[in-house]
Amino acid sequence: MAASVRDHQMFSGRGSARQDQDQGPPGFSNRGAEAPSPGTVPVDVNAPPVMDDGAEGEVLELEHMIGFTGKNLDTIIAHPRLSEVYVKSVGSAVVVGDLNDPHNQEFLRGHDMEVTALAVSATGAFIASGQAGTTHRKGFGAPVIVWDFETRRPLLTLQGHTEKVNILRFSPDEKFLAACGQDLLLQIWDLQTGELILGKKFKQVVAMFQWCDVNQKGRRNVYDIAIGSSNNVALDQLYFDPARQQWILDGTSMAMPTAGMTRDYLCSSRSADGDELLAGTSVGDLLVFKLTSHVYRASVPVCSGGLRAIVVCPTTFVIYCGGGDGTVRKLRGDDMRWTLEGEAALDGAVTSMSMVSNGTGGLLKS
């Protein structure tokens with residue numbers, strides 16, 4: 001994974017940026033200076049600068065920023081169509097960058113707290129970003145913003161979460177956006193109208209959300225969704241009930257071992273053939289579930305420190321696993337048969353990994 005090593009080196013620096021609401025670019029502030037000490041002349045920092053006659057003032061612009069928050073999983077994502085473009089979070093800003101030109105950056109600013117979740121739609125037309133619960137307004141709201149990738153402008157600001165947003169996922173057909181938060185809520189919005197079509201509170205934090213098959217039923221689609229918490233993994237269906245004139249989410253739990261298996265889930269993906277759900281856990285194993293039969297099939301030890309990122313190559317069927325111990329392992333197989341084909345060690349824990357659009361590698365943060 002030559003591309004992975006290159007990208008790891010690019011993003012391995014841990015940076016942070018503080019953004020003041022309605023101020024300059026992230027990392028800049030227009031706050032006034034401290035009170036002047038005796039014997040000094042007080043200066044009004046908000047006053048226009050004094051310039052010689054004929055001098056022309058220039059606005060100081062942020063050229064580019066190096067850094068990545070890196071605390072939250074899945075917060076650096078390669079664009080699905082443009083192999084050189086990636087999206088990442090830096091403090092309360094969303095950054096659209098270029099792998100070939102570190103100076104080519106655009107900042108999407110709309111959050112007033114740290115961005116904790118990111119998603120890019122299947123065609124790359126939309127970006128979604130969620131934040132931690134704000135301390136600047138009543139209610140501790142944690143809004144989700146949907147951005148238009150082409151114009152870099154916000155399309156929707158979606159309210160409802162009151163604590164940190166952990167997961168954002170666009171539906172495969174880009175009609176819906178799902179968000180799971182630390183407040184135990186799962187919310188799904190219609191992207192055309194911004195309407196909340198489903199809101200459900202769970203007993204535990206939803207740690208895994210994976211859109212699966214989309215099938216047409218009548219005039220509307222039916223969506224298969226895998227949802228997981230520490231003691232349950234279920235394959236649900238999201239469908240519109242014409243009798244009740246509302247969207248419904250229900251389904252059946254996956255059959256687990258009789259002795260029981262409790263896991264804290266960190267990430268998930270589907271196999272390249274769509275037949276299996278692959279889930280990474282805090283103990284570092286890869287759990288394999290058959291989606292057709294709703295059955296748990298295998299637990300594959302992968303790493304220590306938690307399996308934090310899973311990337312499936314759609315052309316080679318290879319699976320890349322990023323661990324909390326800084327390892328990236330290349331696996332091949334299915335069901336209960338898996339082989340290790342290669343591995344690499346990085347300087348720190350992997351938090352995000354994404355396949356670039358040409359399928360040659362991934363973006364890593366350690």
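(A) Just the overall build of the protein, in detail. The secondary structure content of the protein amounts to one helix and 26 strands. Evaluated residue by residue, the protein yields a buried proportion of 50% over its 366 residues. Look at the contacts in the protein between residues 6 or more apart in sequence, and 43% of them connect residues 24 or more apart.

(B) Molecular detail of the pattern of salt bridges. Overall, the coordinates contain 14 salt bridges when judged by the stated rule. Across the pair Asp241 and Arg244 runs a salt bridge, and its minimum N-O distance is 3.1 Å. When its relative accessible area of 16% is taken as the criterion, Asp241 is described as buried. The salt bridge partner of Arg332 is Glu341, with a shortest N-O separation of 2.6 Å. Judged by its relative accessible area of 40%, Glu341 is partly exposed. Residues participating in the shared-partner salt-bridge network are Asp275, Glu276 and Lys290.

(C) The confidence of the model for the protein, seen in detail. Confidence along the protein averages 84 in pLDDT terms, with 81% of residues attaining 70 or more. Predicted confidence is poor over residues 1-41, with pLDDT under 50, and the contacts of this stretch with residues over four places away or in other chains come to 76 contacts. Contacts of residues 43-47 to residues separated by more than four positions or lying in other chains number four contacts, the stretch itself having pLDDT below 50.

(D) Molecular detail of the sheet that holds strand E22 (residues 319-323). As summarised here, the arrangement of the four strands in space is E21-E22-E23-E24, forming an open sheet in which the pairing is antiparallel. Of all strands in the sheet, those with a lone pairing partner are strand E21 (307-312) and strand E24 (337-345), marking the two edges. The mean angle between the axes of side-by-side strands here comes to 25°, regardless of whether they run parallel or antiparallel. Where strand E23 (residues 327-334) meets E24, eight bridges bridge the pair, whose relative direction is antiparallel. Within the sheet, the bridge partner assigned to Arg332 lies in E24 and is Thr339.

(E) Quick look at the state of the cysteines. Applying the stated rule across the entire model yields zero disulfides. Of all cysteine sulfurs in the structure, the one in Cys321 sits closest to Cys267, which takes part in no disulfide; the separation is 7.7 Å. With a relative accessible area of 10%, Cys267 lands in the buried category.

(F) Inspection of the side chain of Asp98 at higher detail. Tracing the backbone shows Asp98 in strand E3 (residues 93-98). Exposure remark for Asp98: the relative accessible area of 14% places this residue in the buried category. Within the local environment of Asp98, its side chain forms a polar contact with the side chain of Asn104, the two groups lying 3.3 Å apart. Once residues within four sequence positions are removed from consideration, Asp98 is found in contact with Glu84, Tyr86 and Asn104.

(G) Spatial organisation of the pairing of strand E5 (residues 115-120). Across the six residues that make up E5, a large majority, six, are buried. By the bridge criterion, five bridges tie E5 to strand E6 (residues 126-131) in an arrangement that is antiparallel. Across the sheet, residue Val115 finds its bridge partner in E6, namely Gln131. Hairpin connection of E5 to E6: five residues between the antiparallel strands, including Gly124 at a positive phi of 85°.

(H) A look at the sheet that holds strand E15 (residues 232-241). Strand order in the open sheet made by the four strands is E13-E14-E15-E16, with antiparallel pairing throughout. In the strand order of this sheet, the two ends are held by strand E13 (208-217) and strand E16 (246-253), each with one partner. Each adjacent strand pair in this sheet contributes to an overall mean axis angle of 25°, direction not counted. Alignment of E13 against strand E14 (residues 220-229), held across eight bridges, turns out to be antiparallel. In the sheet register, Asn215 faces E14, and the bridge partner there is Val222.

(I) Molecular detail of the nonpolar core. In this structure, Leu186, Ile188, Phe209, Trp211, Ile225, Ile227 and Leu238 are the most contacted members of the largest nonpolar core, which totals 19 residues. If you list the elements that add at least two residues to this core, you get strand E10 (176-181), strand E11 (185-190), strand E12 (196-201), E13, E14, E15 and E16. Ala119, Leu156, Leu158 and Val165 belong to the second largest nonpolar core, which has 16 residues in total.

(J) Expanded view of unusual backbone geometry. For Arg152, which is not a glycine, the phi torsion comes out positive at approximately 60°. Secondary-structure assignment places Arg152 in the loop between strand E7 (144-148) and strand E8 (153-158). The phi angle at Glu174 is positive, at roughly 65°, despite the residue not being glycine. Its place among the elements puts Glu174 in the loop between strand E9 (165-170) and E10.

(K) Quick peek at the packing of aromatic side chains. With the rule as written, the count across this model stands at eight aromatic pairs. Ring centres of Phe126 and Phe170 lie 6.4 Å apart, and the angle between their planes is 25°; this geometry places the pair in the stacked category. With Phe126 in strand E6 and Phe170 in strand E9, the pair connects residues that are 44 residues apart, well separated along the chain. Given a relative accessible area of 10%, Phe170 falls into the buried group. Taking the centre distance of 6.4 Å and the plane angle of 50° together, the rings of Tyr223 and Trp247 count as tilted.

Reading the values: rules and limits
- Residues numbered from 1 in each chain as written.
- Predicted model: local features only at pLDDT ≥ 70, side-chain atom pairs only at ≥ 80, totals over all residues.
- Heavy atoms only, no water.
- Helix = DSSP H or I, 4+ residues; strand = E, 2+ residues; numbered from the N terminus.
- Buried < 20%, exposed > 50% of the residue type's maximum accessible area, 1.4 Å probe, protein only.
- Contact = heavy atoms within 4.5 Å.
- Salt bridge = Lys/Arg side-chain N within 4 Å of Asp/Glu carboxyl O.
- pLDDT = per-residue confidence, 0-100.
- Pairing = 2+ DSSP bridges.
- Axes fitted to C-alpha atoms, helices over the stretch in contact; angles between N-to-C directions.
- Disulfide = S-S within 2.5 Å.
- Polar contact = N/O pair within 3.5 Å; in protein donor to acceptor, adjacent residues only side chain to side chain.
- Core = buried A, V, L, I, M, F, W, Y, C linked by side-chain atoms within 4.5 Å.
- Phe/Tyr/Trp six-rings, centres within 6.5 Å; stacked < 30°, edge-to-face > 60°.

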